[in-house]
Amino acid sequence: QVQLVESGGGLVQAGGSLRLSCTVSGLTISRNIMGWFRQVPGKDREFVARISLFGATTDYADSVKGRFTISRDNAKNTVYLQMNSLKSEDTGVYYCAGGSFRYNSRDVDFWGQGTQVTVSS
């Protein structure tokens, strides 16, 4: 019923930029917390960014603060993650998240299927 579909991932050189999009159906993003998590093999899914209902409050993991920006377009029911100054450590599968949560992946109500981001050196 609820679908979150990510796009925009790919292979990028270190120092480059990518913009991830999460298009949502069956869920009104303006009535939900939205965010992004990422995961690499052998590690837990980790928090990356979160945005409040009206975009007044954003939260970022320390590792991406100052480089990544989360935003939403309620009219398009779409969430974005602008990633600048990418590092090899940013490599992973990025998941769009929605519902009511703070920083724990276990509290996320809705997940996208994930999109691969690979940063080469």
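My aim in this report is to walk through the structure given alongside it, one point at a time.

Conventions adopted
- Residues numbered from 1 in each chain as written.
- Predicted model: local features only at pLDDT ≥ 70, side-chain atom pairs only at ≥ 80, totals over all residues.
- Heavy atoms only, no water.
- Disulfide = S-S within 2.5 Å.
- Helix = DSSP H or I, 4+ residues; strand = E, 2+ residues; numbered from the N terminus.
- Core = buried A, V, L, I, M, F, W, Y, C linked by side-chain atoms within 4.5 Å.
- Buried < 20%, exposed > 50% of the residue type's maximum accessible area, 1.4 Å probe, protein only.
- Contact = heavy atoms within 4.5 Å.
- Polar contact = N/O pair within 3.5 Å; in protein donor to acceptor, adjacent residues only side chain to side chain.

### Quick notes on the state of the cysteines
Inference 1: What the rule picks out here adds up to one disulfide.
Inference 2: Residue Cys-22 pairs covalently with Cys-96 via a disulfide, S to S 2.1 Å. The sign of the S-S torsion, about -90 degrees, decides the handedness of the disulfide formed by Cys-22 and Cys-96: left-handed. Taken together, the positions of Cys-22 in strand E3 (residues 18-25) and Cys-96 in strand E9 (residues 92-99) put the pair 74 residues apart, joining distant regions of the chain.

### Here's the deal with the nonpolar core
Inference 1: One finds Trp-36, Leu-81, Met-83 and Tyr-94 to be the most contacted residues of the largest nonpolar core, which totals 32 residues.
Inference 2: Contributions of two or more residues to this core are made by E3, strand E4 (33-39), strand E5 (46-51), strand E7 (68-73), strand E8 (78-83), E9 and strand E11 (115-120).
Inference 3: With near-sequence residues (within four places) excluded, Leu-81 lies in contact with Leu-18, Arg-19, Leu-20, Trp-36, Val-48, Ala-49, Phe-68, Thr-69, Ile-70 and Tyr-94.

### Things to note about the side chain of Arg-67
Inference 1: You can see Arg-67 is positioned in the loop between strand E6 (58-60) and E7.
Inference 2: Its relative accessible area of 11% is what places Arg-67 among the buried residues.
Inference 3: Engagement of the side chain of Arg-67 in a polar contact is seen with the backbone oxygen of Ser-63, the distance being 2.8 Å.

### As for the environment of Leu-86
Inference 1: Positionally, Leu-86 belongs in the loop between E8 and E9.
Inference 2: Overall, the relative accessible area of 2% leaves Leu-86 in the buried class.
Inference 3: Here Leu-86 is in contact with Val-12, Ala-14, Gly-15, Gly-16, Ser-17, Leu-18, Arg-67, Phe-68 and Val-119, once residues within four sequence places are set aside.

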